[in-house]
Amino acid sequence: MSEDIKKTIEELRSQLNDYAYHYYVLDEPVISDVQYDKLYQQLLELEKNYPEFISSDSPTQRVGDKPLDGFKQIKHEAPMLSLGNVFTETELIEFDNRLMDLVQVGEIEYSAEPKLDGLAVSIVYEKGKLKQAATRGDGNVGEDITANVKTIKAIPLLLRGNNIPDKLEVRGEVIMTRSGFNEYNRQAELLGEKTFANPRNAAAGSLRQLDPRKTAKRPLMFYAYSLGVVSQELNFESHIETLEWVKSLGIPVNNLNQTVMSAKGCQQFYQMVGEKRPSLNYDIDGVVYKVNNLQLQKKLGFVTKSPRWATAHKFPAEEATTVIENIEVQVGRTGSITPVARLQPVVVGGVTVTNATLHNEDEIRRKDVRVGDTVFVRRAGDVIPEVVKVVLQKRPENSQPFIMPIHCPVCETLLVKLEGEAVLRCPAGLYCDAQRKEAIKHFASRKALDIEGLGDKLVELMVDEGLIKTPADLFHLNQQDLINLERMAEKSANNLLQSIESSKHTQLDKFIYALGIREVGEATAMTLANQLKSVEAIEDSTAEQLEELPDIGPIVAKRIRQFFADKHNLKVIQQLLDADITWDKIETPTADSQPLLGKTIVLTGSLSQFTRATAKAKLIKLGAKVAGSVSKNTDILVAGENAGSKLTKAEKLGVEVRDEDWLLGL
Ligand code: 5U1
């Protein structure tokens, strides 16, 4: 009997470790989180009743039960080195030339890797078991963070495979994913706990947490990038081979790593990773190039604290400090009031930034941002720059907390805060000039009626001059109206009138999107158009009927109902229809018109002929469901240039892969 239980426990343990390996190392989950938790609970229960069968590599043993008194110091057996830097292509070429000179070869192959923005750690395995983990510290002495590192599910407690050296030190970076960081901060805020300024601080704070039970709740990840001390000769020829072996032991290795030739290949990698950077789920601050051949590495050796055979190529900083000159509030299309910091111009990530969003009143209060403050500003990808943190030491003595206005700065209506919302709103709707302007800009925008030549400034001018009050007024403009506007010549006026005329023939989904109903984006507009086929049918649908449509939940249904319950909106729709706006009749889908019906498609990489939105819209129109990530349920992956992990995963899962030409030809 007890032999049977021992066997069941061993099997469960090995099964759970295997599932974790598939999830974290191969990036290929084989069971759902719920199923994993169920098996984990079974193991926990069995181990509780039969503690004699608990082993140190059981997933249940990741979290100890008491906080530490402090962190022990650990001397690294071999120093943990740092990396030299290059910042420009010229410096990269100089680096490559210098190495070629030193080793007298015509061309060098490099291992090119993303430089993760986390915390460097060393993990020592003895006889395959995780024995010790330490921070880098000053490179010679770090802190013992074994108990915390054991809680990171991506790091195996027991290595896989055979012929594992008696002692093996793996080095790499512990990071917090961006999604994990956002979710962590959201929860912390709800509970009134401390939030972190960025994922790196969150990872560092989590590893330096004295209570491993708390670390266990933090979404941490680890990627190995090199070996430290190893008790036996390994006989690999290249760095990349070494990392492949590390991966085979069950330790995650980043899947963007690749070999490249010469400075040219390095620069291409830098560009490619730079483009991917905004869409990655973790922060990186550059890339690293390492001479791939281990014999050449040996020949090149070290300079003081860094290897001569490697360098980091840093991205321009995405964070900088500057001073807030003023705080103003903006009124959005739906009346949302957003405080915006006007900044002393500062270069962040290669771009000059003069404004940063402060999001809402709660954010201003939480961060206590004031005019005159020196602040950290962050810009990530295409996202609007934001104020991250105030440098309190630099706060001027006479500074005053910022107070949000109680009236709309544009129409002076009393602002309201709706239940469950963090933002203040101006409830005046289209009676407020700011919202009127935003609604017309939205109506004319590319994804809506696409009125070429009607830019934001022109809309603002026309509203200020009293020429237009609603989108419908655009269709009654004449040449004289336009010529009277400042800087509008006859030719531009005629061109604009021509594009307004051409915009009259549109598609129903674009028309619905153009109306600017809250929560109704392109995809929802497409669903409404395809399913209900007319504006009248949408207007006549109850919230319950709307909720029956794919991907429409109670909030969206409520917004649609609210929009059509407003007499002013109905009047504008009637005026638009009276102005002869037309669209193609929506046919009932047939196998011919919707050849992708029932197919789940994922888009990845960069496309040259489509934006993501237009590619998605085309696929939806043809009946497909467009998903964000590749899984067993994916039917087709459309891979553009520089496709990365999604392509690898699709190939592994045997998913059909198509290119942009296929999408064009549909
Ligand atoms: N990808 C990567 N990051 N990173 C950081 N490789 C890498 N190598 C490093 C460091 C500090 O050090 C080398 C000396 C192994």
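Rules behind the numbers
- Residues numbered from 1 in each chain as written.
- Predicted model: local features only at pLDDT ≥ 70, side-chain atom pairs only at ≥ 80, totals over all residues.
- Heavy atoms only, no water.
- Helix = DSSP H or I, 4+ residues; strand = E, 2+ residues; numbered from the N terminus.
- Buried < 20%, exposed > 50% of the residue type's maximum accessible area, 1.4 Å probe, protein only.
- Contact = heavy atoms within 4.5 Å.
- Areas by Shrake-Rupley, 256 points an atom, 1.4 Å probe, with all protein chains shown as cover.
- Lys, Arg positive; Asp, Glu negative; His and termini not counted.
- Charge placed at Lys NZ, Arg CZ, Asp CG, Glu CD.
- Salt bridge = Lys/Arg side-chain N within 4 Å of Asp/Glu carboxyl O.
- Polar contact = N/O pair within 3.5 Å; in protein donor to acceptor, adjacent residues only side chain to side chain.
- Phe/Tyr/Trp six-rings, centres within 6.5 Å; stacked < 30°, edge-to-face > 60°.
- Lys NZ or Arg CZ within 6 Å of the ring centre and 35° of its normal.
- Core = buried A, V, L, I, M, F, W, Y, C linked by side-chain atoms within 4.5 Å.
- Domains from an automatic or database assignment.
- Near = heavy atom within 4 Å.
- Nonpolar A, V, L, I, M, F, W, Y, C, P; charged D, E, K, R; others polar.
- Pairing = 2+ DSSP bridges.
- Axes fitted to C-alpha atoms, helices over the stretch in contact; angles between N-to-C directions.
- Parallel < 35°, antiparallel > 145°, perpendicular 65-115°, else oblique.
- pLDDT = per-residue confidence, 0-100.
- Left-handed = near helix turned anticlockwise from the far one by under 90°.

Caption draft 1: How the structure looks around the overall build of the protein. A count of helical and extended segments in the protein gives 24 helices and 26 strands. Taking the principal axes of its C-alpha atoms as reference, the protein extends roughly 85 × 65 × 55 Å. Counting across all 666 residues of the protein, residues that qualify as buried make up 47%. Sequence separation of 24 or more characterises 66% of the internal contacts of the protein that already satisfy a separation of 6 or more. Total accessible area on the protein stands at roughly 34,300 Å², and carbon and sulfur atoms take up 48% of it. Computing the positive centroid from 82 side-chain charges and the negative centroid from 94, the protein places the two 4 Å apart.

Caption draft 2: Inspection of the pattern of salt bridges at higher detail. By the definition in use, this model includes 35 salt bridges. A salt bridge links Glu328 to Arg342; its shortest N-O distance comes to 2.9 Å. Taken together, the residues Glu328 in strand 14 (residues 319-331) and Arg342 in strand 15 (residues 336-348) connect sequence positions 14 residues apart. A single network of salt bridges, built from pairs that share partners, joins Glu361, Asp362, Arg365 and Lys417.

Caption draft 3: Spotlight on the side chain of Thr357. Its location among the elements puts Thr357 in strand 16 (residues 351-357). Of note is the side chain of Thr357, whose polar atom sits 3.0 Å from the backbone nitrogen of His359.

Caption draft 4: View of the environment of Ile31. By the secondary structure assignment, Ile31 is in the loop between helix 1 (2-24) and helix 2 (33-49). Sequence separation between Ile31 and Tyr19 is 12 residues; the distance between their C-alpha atoms is 7.2 Å. The residues touching Ile31, leaving out its near neighbours within four places in the chain, are Tyr19, Tyr36 and Leu39.

Caption draft 5: Layout of the packing of aromatic side chains. All chains considered together, the criterion is met by 12 aromatic pairs. Consider the rings of Tyr184 and Phe196, whose centres lie 5.8 Å apart with planes at 35 degrees: the pair is tilted. Taken together, the residues span a long stretch of sequence, with Tyr184 in helix 5 (residues 178-190) and Phe196 in the loop between helix 5 and helix 6 (199-207) at a distance of 12 residues. Summarising the burial analysis for this pair, Tyr184 and Phe196 share the class buried. Judged by centre distance (5.0 Å) and plane angle (35 degrees), the rings of Tyr270 and Phe315 are tilted. Placement of Tyr270 in helix 9 (residues 262-276) and of Phe315 in the loop between strand 13 (310-314) and strand 14 is noted, with a sequence separation of 45 residues between them. Looking at Tyr270, the relative accessible area reads 13%, which means it is buried. Stacked on the ring of Tyr21, the Lys or Arg Arg160 has its end atom at 3.7 Å from the ring centre.

Caption draft 6: Representation of the nonpolar core within the structure. Membership of the largest hydrophobic core comes to 67 residues, with the highest contact counts inside it found for Tyr110, Ile123, Tyr125, Leu207, Phe222 and Tyr289. Residue contributions to this core peak at six residues, all from helix 9. Residue contacts for Ile123: discarding those within four places in its chain leaves Leu130, Gln132, Ala133, Val149, Ile155, Leu168, Glu169, Val170 and Phe222. Within the second largest apolar cluster, 49 residues are counted, among which are Ile468, Leu485, Ile500 and Val520.

Caption draft 7: View of unusual backbone geometry. Phi is positive for Asn235, which is not a glycine, with a value near 60 degrees. Position of Asn235 relative to the elements: it lies in the loop between strand 8 (220-230) and helix 8 (239-248). Even without glycine at this site, Asp450 takes up a positive phi of about 55 degrees. Locating Asp450 in the fold gives a position in the loop between helix 12 (433-444) and helix 13 (456-464).

Caption draft 8: The arrangement of the domain arrangement of the protein in detail. Once the domains are mapped, the protein shows domain 1 (2-61), domain 2 (84-314), domain 3 (319-394), domain 4 (427-587) and domain 5 (600-665). For domain 2 versus domain 4, the separation of C-alpha centres amounts to 50 Å.

Caption draft 9: Focus on the site of the ligand. Close contacts around the ligand come from Leu81, Leu83, Glu113, Pro114, Tyr225, Ser226, Val288, Lys290 and Pro307, and that covers them all. Between Pro114 and the ligand, the recorded distance is 3.1 Å, taken from a backbone N or O atom to a nitrogen atom. With respect to the ligand, the side chain of Lys290 contributes an N or O atom lying 2.8 Å from a nitrogen atom. About the coverage of the ligand: the protein hides 87% of its 380 Å² of free accessible area. Secondary structure elements with two or more residues in the shell around the ligand: strand 3 (109-116), strand 8 and strand 10 (284-291). Its residues assigned to classes, the shell around the ligand comprises six nonpolar, one polar and two charged.

Caption draft 10: Focus on the sheet that holds strand 5 (residues 129-135). The four strands lie next to each other as 5-4-7-8, forming an open sheet whose pairing is antiparallel. Two strands close off the open sheet at either side, each with one partner strand: strand 5 and strand 8. Taken over all neighbouring pairs, the strand axes of this sheet differ in orientation by 30 degrees on average, direction set aside. Two strands pair when backbone bridges link them, and strand 4 (residues 119-126) and strand 7 (residues 167-176) are joined in this way by eight bridges, in the antiparallel orientation.

Caption draft 11: View of the packing of helix 20 (residues 554-565) against helix 21 (residues 567-578). The contact between helix 20 and helix 21 brings their axes to 5 Å, and the two run at 75 degrees. Classed by the angle they form, the pair helix 20 and helix 21 counts as roughly perpendicular. Only Lys567, Asn569, Leu570 and Ile573 of helix 21 make contact with helix 20, whose side of the interface consists of Phe563, Phe564 and Ala565. Its residues assigned to classes, the contact of helix 20 with helix 21 shows five nonpolar, one polar and one charged.

Caption draft 12: Fine view of the confidence of the model for the protein. For the protein, per-residue confidence averages 91 on the pLDDT scale, and 99% of positions sit at 70 or higher. Helix 22 (residues 612-621) is the least confidently modelled element of the protein, averaging 78 in pLDDT, while strand 3 averages 98, the highest of any element.

Caption draft 13: Structural context of the pairing of strand 14. Here strand 14 pairs with strand 17 (residues 374-378) via five bridges, running antiparallel. Looking at strand 17, one finds that Ala320 is bridged to Val377. Summarising the sheet, strand 14 and strand 15 pair through seven bridges and their orientation is antiparallel. Across the sheet, the residue bridging to Asn326 is Arg342, located in strand 15. If you look at the hairpin formed by strand 14 and strand 15, you'll find four residues sitting between the two strands, and Gly335 has a positive phi there, around 90 degrees.

Caption draft 14: Representation of the packing of helix 12 against helix 13 within the structure. Between helix 12 and helix 13, the shortest axis-to-axis distance is 9 Å and the interhelical angle comes to 135 degrees. On the basis of the axis angle, helix 12 is oblique to helix 13. Of the two possible hands of crossing, helix 12 and helix 13 adopt the one that is right-handed. Of the residues in helix 13, those in contact with Asp433, Arg436, Lys437, Ile440 and Lys441 of helix 12 are Asp456, Val459, Glu460, Val463 and Asp464.

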